[in-house]
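In case you want the letters, here they are:
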Amino acid sequence: MAQEGNQRKGEPLLTVKGLKVHFPVYGGILRHKVGTVKAVDGVSFRLNRGETLGVVGESGSGKTTVGRAIINLHKPMYPDVELGGEILFHTESGQVDTNGITRDEMLPLRERIQMIFQDPFSSLNPRLTVQAIIEGPMKVHMNLTAAQRKDRVLDLLDRVGLQRSYAQRYPHEFSGGQRQRVGIARALATNPDLIIADEPVSALDVSIQAQVINLMMELQREFGLTYLFIAHDLSVVYHICDRIAVMYLGNLVEIGTADQVYKSPRHPYSKALLSAVPQPDPRSSNKGRIRLEGDIPTPMAKPSGCGFRTRCPIAKPSCAQDVPELRDVGNGQMVACPFV
Amino acid sequence: MAAVPQEKSLSVLQRRWRKFRTLKRGWYSLVAILVMYALSLLAPLYITNKAWVVKYNGEYTFPALSGFHAATEFGQRTIGEADYRKLKQEFQEADAGNWVLLAPYPYHPNESLMRSLEGRPPHSPSRAHWLGTDNRGRDVLARLVYGFRISLTFAIGVVLLSYTLGIAVGAVLGFFGGKVDILGQRLVEIWSGLPFLYTVIIVSSLLLPSMWTLTAILAAFGWMGIAMYMRGEFYREKSKDYVAAAIAQGDSSRAIMFQQIFPNALTPLISFAPFAVVGAISSLVALDFLGFGLRPPTPSWGEMVNQGLSNIFKWHLVVFPLSALFITLMMVVFIGEAIREAFDPKVFSRLR
């Protein structure tokens, strides 16, 4: 199968510029608009072929929304969503802005972008066999006979480490880890370039997490896949990702290589987040731990200026003025804070 | 992974079907209803005043299959269709090698037997007329069997039609949501507000309703409940990740609605179906009882119950139609009860 991805490794695959995803909130008797949830509010990054970009952040930071925006799930599910910015998908014939395009326009690109979902229990249709689930994308995008599809499903089952005889089983007969493997096989069905992995291991036991992560890394080497890996477990992200982006309240606050962000975070939020990673040694001192006060503000009423200023240990009055831009602090590490 | 015994995987519905079959009361009721329905569909072959075989002047005819034969064809001097019961007597008296083989129960449900029976109708049960005759001298057993056929056909028709409508409307409302949903729900509510009985009475006074127009009328007033169930199911299911996965793999809206979501929304449909059948049978009986249903002389249970009321001292006109109605409805309810039980996720069931 395709080695093409490996050969063209490093070329840009996806460029996101100023992505905004706002959900209107309706209320009152007449169901008029009473506010907006700014789930994603101006996110820009670039994703190269063959690399894995980790997106981390706490619950409500908008990381899942970014992933779903890239695969264009919002418009069909919430027609009222307000989208902004550009999601440029680089193809052989140039760039396509996929942000908010219609489902028909998106259809040819769906073959190349697939998704692995967080919850392996709800992401597989309980009424379909594993065979029917995995061949779903093939039926839409690939011109194969039923027998060819069946062969391909069996190959994919091999590839993700499931027995071929499982093809005729139903999802309820599997454990969480096995279901997630089925989800991965479905995502691989059309030989995609990009896989959005939305917390693919968060719902799994720790021992199973390692198996699934290693499987994903093997598959990446084999097929030259590009991953957008959304997670909140920082050690997992550090293990699998080439670069890491940190999100807070709908904005990117820091982006850099995995080593840069994990070993020497610069943004005060990244520092706090990383200091919360549990230490395996119980005797190690807890001195470095940065405790943040309060909770993440609601994305319906974001603070003016820097979204993090309400909890930031180094906040200054000027932080309330403008939303800080990402700036290079050396070696490509970008931080959205003027004071570090 | 432990070695799993090689047993064929069952879909959710297959497992529920297996469980349903273990619930004897419902399962036997289903079998009984199906057998009775099949028998009643074949009733024109064995409950009919047409003879099975007539041998006349060396020629064989099969009126029960071939249909109308004029009386003159067999040498009778009357006008219209041959009277085979009389023909049998005549042939026996003439003893000329001609004979007639009658159907096992040789009476037609709409045939008045006043001329051949002594006394005034309704006649009490006898060896010839097992359940007696009604006030126009028609055989009650024949009418009950043909009435069962009509009731069940009608009920199944109403349920199929109202389900089709309800599923289509509910699926669209639940799946697309938003303004479609709000507007659609209001329209459904307005439609539900129409008084059903008045509408039926008006319609049936304007045009004498046939069975199919009655089916359409009842379905037109019976789909709203199903639509709301479906709307709820689709609303719930569409937020699940497998729908997002279907969108992500490029399925069309129709494929998502009917291949992905619909199989997950079957539970209320299937468990409600027997009760919908009960409702439809009762509605037809009620309409016929009130005289707004099927055109006379159609053998209908409602009309028979009505006869029981107006001849309250003729016990056979009261007991037999009401028992038939009661037993039928009870068996359908048993089926519904067992289906509900089979769909219950709790393993240990109350019925067994």
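Everything discussed here concerns the structure shown above.
The residue numbers shown here count from 1 along each chain, following its written sequence. Labels follow written order: the first chain is A, the first ligand is 1, and so on. Local features are withheld for residues below a pLDDT of 70 in this predicted model, meaning they are given only at 70 or higher, and side-chain atom pairs are given and counted only at 80 or more; totals for whole chains, interfaces and linings count all residues.

Asker: Describe the overall build of chain B, with residues and values.
Answerer: Looking only at helices and strands, chain B features 15 helices and three strands. For a compact globule the rule gives 2.2 Å times the number of residues to the power 0.38, and the radius of gyration it is set against comes from C-alpha atoms. What you see for chain B is a C-alpha radius of gyration of 26 Å, clearly larger than the 20 Å of a compact globule of 352 residues, by over 25%. Overall, chain B is about 85 × 60 × 40 Å in size when its C-alpha atoms are taken along their principal axes. Neighbour counting defines burial: a residue surrounded by 20 or more other C-beta atoms within 10 Å of its own C-beta is buried, one with 12 or fewer is exposed, and intermediate counts give partly exposed, using backbone-placed C-beta atoms. Residue burial in chain B is summarised as follows: out of 352 residues, 38% are buried. For the purpose of contact definition, each residue receives a C-beta atom placed from its backbone, and two residues are in contact when these atoms lie within 7 Å. Sequence-distant contacts, at least 24 apart, represent 62% of the contacts inside chain B between residues at least 6 apart. The way it works is that DSSP assigns letters per residue, a run of H or I at least four long becomes a helix, a run of E at least two long becomes a strand, and they are numbered from the N terminus.

Asker: Residues and numbers for the nonpolar core, please.
Answerer: Linking buried Ala, Val, Leu, Ile, Met, Phe, Trp, Tyr and Cys residues through C-beta atoms within 7 Å yields a set, and such a set is a nonpolar core. Residues Leu228(A), Phe229(A), Val246(A) and Ala280(B) are the most contacted members of the largest nonpolar core, which totals 163 residues. Sort the elements by how many residues they give to this core and helix 6 (residues 140-176) of chain B lands first, with 17 residues. Beyond its immediate sequence surroundings of up to four residues, Val246(A) is in contact with Val56(A), Gly57(A), Leu252(A), Val253(A), Glu254(A), Val261(A), His267(A), Tyr269(A), Ser270(A) and Leu273(A).

Asker: Tell me about the sheet that holds strand 11 (residues 327-328) of chain A, and name the residues and values.
Answerer: Residues and elements named next belong to chain A. The sheet built from eight strands is open, its strands ordered 6-7-8-3-9-10-12-11 with mixed pairing. At either end of the open sheet lies a strand with only one pairing partner, and these are strand 6 (113-116) and strand 11. Should DSSP find at least two bridges between two strands, the strands are taken to pair. As defined by bridge partners, strand 3 (residues 52-56) adjoins strand 8 (residues 226-230) across four bridges and the pair is classed as parallel. Its bridge partner lying in strand 8, valine 55 is registered against isoleucine 230.

Asker: Hey, could you go over the interface of chain B and chain A for me, with residue numbers and the actual values?
Answerer: Between chain B and chain A, the contact holds 18 residues from the first and 26 residues from the second. When residues in the side of chain B that touches chain A are grouped by element, the largest group, seven residues, is from helix 11 (residues 241-248) of chain B. All amino acids are sorted into three groups, where Ala, Val, Leu, Ile, Met, Phe, Trp, Tyr, Cys and Pro are nonpolar, Asp, Glu, Lys and Arg are charged, and the leftover types, Gly among them, are polar. Across the side of chain B that touches chain A, the residue classes tally to eight nonpolar, seven polar and three charged.

Asker: Break down the environment of Val158(B) for me, citing the residues and quoting the values.
Answerer: Among the secondary structure elements, Val158(B) is positioned in helix 6. A residue is classified by how many C-beta atoms lie within 10 Å of it, and Val158(B), with 27 of them, is buried.

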